[in-house]
Amino acid sequence: MRQTRLRIWSFPLVLLALAVAFGILSGCSGSGTNAEEPASAAEIGQAIEQAVRLDHMNKGDLDKIQKIYRIDKDDIADFVLYTSASNVKADELAVIQLKDPGRIASVKENIELHIERQKAKFKDYRPDEYYLVERHVMKSKGSYVLFAVSDQADQMERVFDDAF
């Protein structure tokens, strides 16, 4: 009789121990990425590409991002850049991951200078494009900077925010 009672009590204890062990182990496992930041700017860029149409824009390289925003290439860990295929359009998308988050302020200042140049370019010439530049989105989170000029900038911003 005593042996039967022991078996009855041991089964729930074993289940409880397994549940606790499973909870601890699942809490310790992870994807290897920081919960605060996505793994790369490329991943954010891919998510944005899936959410909005970028087929009217050209993908930019490191030289282009350096030329447009005057950012030292040694400061950039990863990036995604799309610019308008035409010089009469203002559309842009940049997701820049910096090696040093302390450089965010200077990168944002450089982008502000670019915005002012774009405003001067489009103000009297292309009022619709000027309006898009005026409504740009620029924000930073962690070591990332988002800059978007588009009629879909709100959607781009939402995807960027959701990545964190």
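Let me sum up the structure you'll find in this document. Everything quoted here is computed from the prediction, not taken from an experiment.

A few words on the layout of surface pockets. Taken as a whole, the largest pocket encloses approximately 190 Å³ of empty space. T83, S84, K89, Q118 and K121 are, among the 13 residues lining the largest pocket, the residues nearest its centre. At the level of secondary structure, the elements contributing two or more residues to the lining of the largest pocket comprise α3 (62–69), β2 (76–84) and α4 (104–122). Looking at which element gives the most residues to the lining of the largest pocket, the answer is α4, with three residues.

Right, let's talk about the pairing of strand β5 (residues 144–149) for a bit. The element β5 is largely enclosed, with a buried count of six among its six residues. On β5, burial covers both faces: Y144, L146 and A148 on one face and V145, F147 and V149 on the other are all buried. Judged from the five bridges that link them, strand β4 (residues 137–141) and β5 form a sheet pairing that is antiparallel. Each bridged residue has a counterpart across the sheet, and for M138 the counterpart in β5 is F147. Between the antiparallel neighbours β4 and β5 lie two residues, among them G142 with a positive phi of about 60 degrees.

Applying the stated criterion across every chain, the model contains three aromatic pairs. Consider the rings of Y144 and F164, whose centres lie 5.5 Å apart with planes at 80 degrees: the pair is edge-to-face. Linking Y144 in strand β5 with F164 in the segment after α6 (153–162), this pair joins segments that are 20 residues apart in sequence. By relative accessible area, Y144 is classed as buried at 0%. One aromatic cluster is present, built from ring pairs that chain together Y144, F160 and F164.

Thresholds applied
- Residues numbered from 1 in each chain as written.
- Predicted model: local features only at pLDDT ≥ 70, side-chain atom pairs only at ≥ 80, totals over all residues.
- Heavy atoms only, no water.
- 1 Å grid on protein atoms, 1.4 Å probe; cavity = no way out; pocket = protein on both sides within 12 Å on 5 of 7 lines; lining within 4 Å.
- Points joined across faces, edges and corners; volume = space filled by probe spheres on them.
- Helix = DSSP H or I, 4+ residues; strand = E, 2+ residues; numbered from the N terminus.
- Buried < 20%, exposed > 50% of the residue type's maximum accessible area, 1.4 Å probe, protein only.
- Pairing = 2+ DSSP bridges.
- Phe/Tyr/Trp six-rings, centres within 6.5 Å; stacked < 30°, edge-to-face > 60°.

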